[in-house]
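Okay, here's what each chain looks like letter by letter:
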Amino acid sequence: MIIQPHVYFIPLNNQLSRIQFEQGLALSWLTEDEINKVHRYKAEQAQHNELQVRLALRAVLSMHSDVLPHQWLFEYGDKGKPSLSAELFEQTGLHFNLSHSGDWLMIGVLPCAEASSGISSGASERRHYGAFKAILFGLDIERVRASTNIQPILNHYFTDNEVADLVALPEVLQRQRFFDLWTLKEAFIKATGKGLAQSLSSFSFSFTDNKVFQADCFSVSKNAPAVAFESAVVKAAERAPSPILCRHDDVHFTAPVTDNSQWTCRFGRLTDSYRFSFCIGTDAVLSGSNENGSDDLAGGVKITEPIMVLTSLAQLLS
């Protein structure tokens, strides 16, 4: 089974007018509960961002299905992880996750229904539906913040090896590494749906040769879009927003000892200030789902290079 992630990067309009805000509500895409959540924010800009996030998510999901934007219904896990309602997941086979930081929104979609198009009906189909439902998907985008006091966070949430790698770097790169690791860790706990109930020091990430990913000094994925190769020789500070992934084998993940999933964790940069990550786990239920032990779906799962798209809310709504 082949799964290709689709990842969208959408700038948030911090200058949204009241008229534009009302026009967004007038689309009637949001449920009454969602509208109440938008208005729950006291700051006008926070309301505007929340509306943009919810409209963009519905528009992106509808790009991968014939479900209309206003028809999407969501459920939430114990720690708040959103997912499609059981009925809509069965209909579409879509996993999704989203994150926003500063001026950017990131939305990821895993179209598992496309990957399962050749599956036969009956009992096998039901087993595979359970397998697809059990796939874990989380992502995160983070902006480097000079005001964050990283030292107490390091000592509390990072492993000894992560801290050792960080302090071994030149001081000018240590803050970069901190936010790189934080982005990866956030993506993982969002994928599991456990949030901060999952100890951040129970798992770890490292980079080949302890390099800090920079578009002008780090290897990029062989199958990345051409724009990535063109940008890779340009200093990061000079780059326009362009999602660039480092090679999949340059990021190393050590899972919690109790975790039996198979994980794909990817990391990249959107700009010099923004980094992003996504983690995909194929749960243990994917392995040996056949009574005879011959249907080893997990062994056949391949996560391909993602399709990464820079777009805007205006384009999504058009």
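All values reported here derive from a predicted model rather than from experimental measurement. (Residues numbered from 1 in each chain as written. Predicted model: local features only at pLDDT ≥ 70, side-chain atom pairs only at ≥ 80, totals over all residues. Heavy atoms only, no water.)

**Re the packing of helix α2 (residues 32-40) against helix α3 (residues 44-63)**
Two numbers describe a pair of packed helices, the interaxial angle and the distance between the axes. Orientation of α2 relative to α3, taken along the N-to-C sense of each, is 150°, at an axis distance of 7 Å. It follows that α2 is roughly antiparallel to α3 by the angle criterion. Side by side, α2 and α3 meet where Glu34, Lys37, Val38 and His39 of the first sit next to Gln47, Glu50, Leu51, Arg54 and Arg58 of the second. Residue composition of the contact of α2 with α3, by class: two nonpolar, two polar and five charged. (Axes fitted to C-alpha atoms, helices over the stretch in contact; angles between N-to-C directions. Helix = DSSP H or I, 4+ residues; strand = E, 2+ residues; numbered from the N terminus. Parallel < 35°, antiparallel > 145°, perpendicular 65-115°, else oblique. Contact = heavy atoms within 4.5 Å. Nonpolar A, V, L, I, M, F, W, Y, C, P; charged D, E, K, R; others polar.)

**Let's talk about the confidence of the model for the protein chain**
In this model, the protein chain carries an average pLDDT of 86, and 81% of its residues clear a pLDDT of 70 or more. Overall, residues 218-238 carries pLDDT values under 50, and its contacts beyond four positions in sequence, including any with other chains, amount to 45 contacts. Taken as a whole, residues 287-296 scores under 50 in pLDDT and shows 13 contacts with residues more than four places along the chain or in a different chain. (pLDDT = per-residue confidence, 0-100.)

**Remarks on the environment of Val257**
Positionally, Val257 belongs in the loop between β10 (251-254) and β11 (262-269). Of the residues examined, Val257 reaches a relative accessible area of 84% and is grouped as exposed. (Buried < 20%, exposed > 50% of the residue type's maximum accessible area, 1.4 Å probe, protein only.)

**Details of the side chain of Lys185**
Relative to the assigned elements, Lys185 resides in helix α9 (residues 171-192). Exposure remark for Lys185: the relative accessible area of 1% places this residue in the buried category. A distance of 3.1 Å separates the side chain of Lys185 from the side chain of Glu162, its partner in a polar contact. The contacts of Lys185, once residues within four sequence positions are left out, are Tyr157, Phe158, Glu162, Leu200, Ser201, Phe203, Ser204 and Phe205. (Polar contact = N/O pair within 3.5 Å; in protein donor to acceptor, adjacent residues only side chain to side chain.)

**Here we look at the pattern of salt bridges**
Under the criterion given, the structure shown has 13 salt bridges. Measuring nitrogen to oxygen at the nearest pair gives 3.2 Å for the salt bridge that ties Glu44 to Arg18. Remark: Arg18 occurs in helix α1 (residues 18-26) and Glu44 occurs in helix α3; sequence separation between them is 26 residues. A salt bridge links Lys185 to Glu162; the shortest N-O distance between them is 3.1 Å. Linking Lys185 in helix α9 with Glu162 in helix α8 (residues 160-167), this pair joins segments that are 23 residues apart in sequence. Just as Lys185 is buried, Glu162 falls in that class too. (Salt bridge = Lys/Arg side-chain N within 4 Å of Asp/Glu carboxyl O.)

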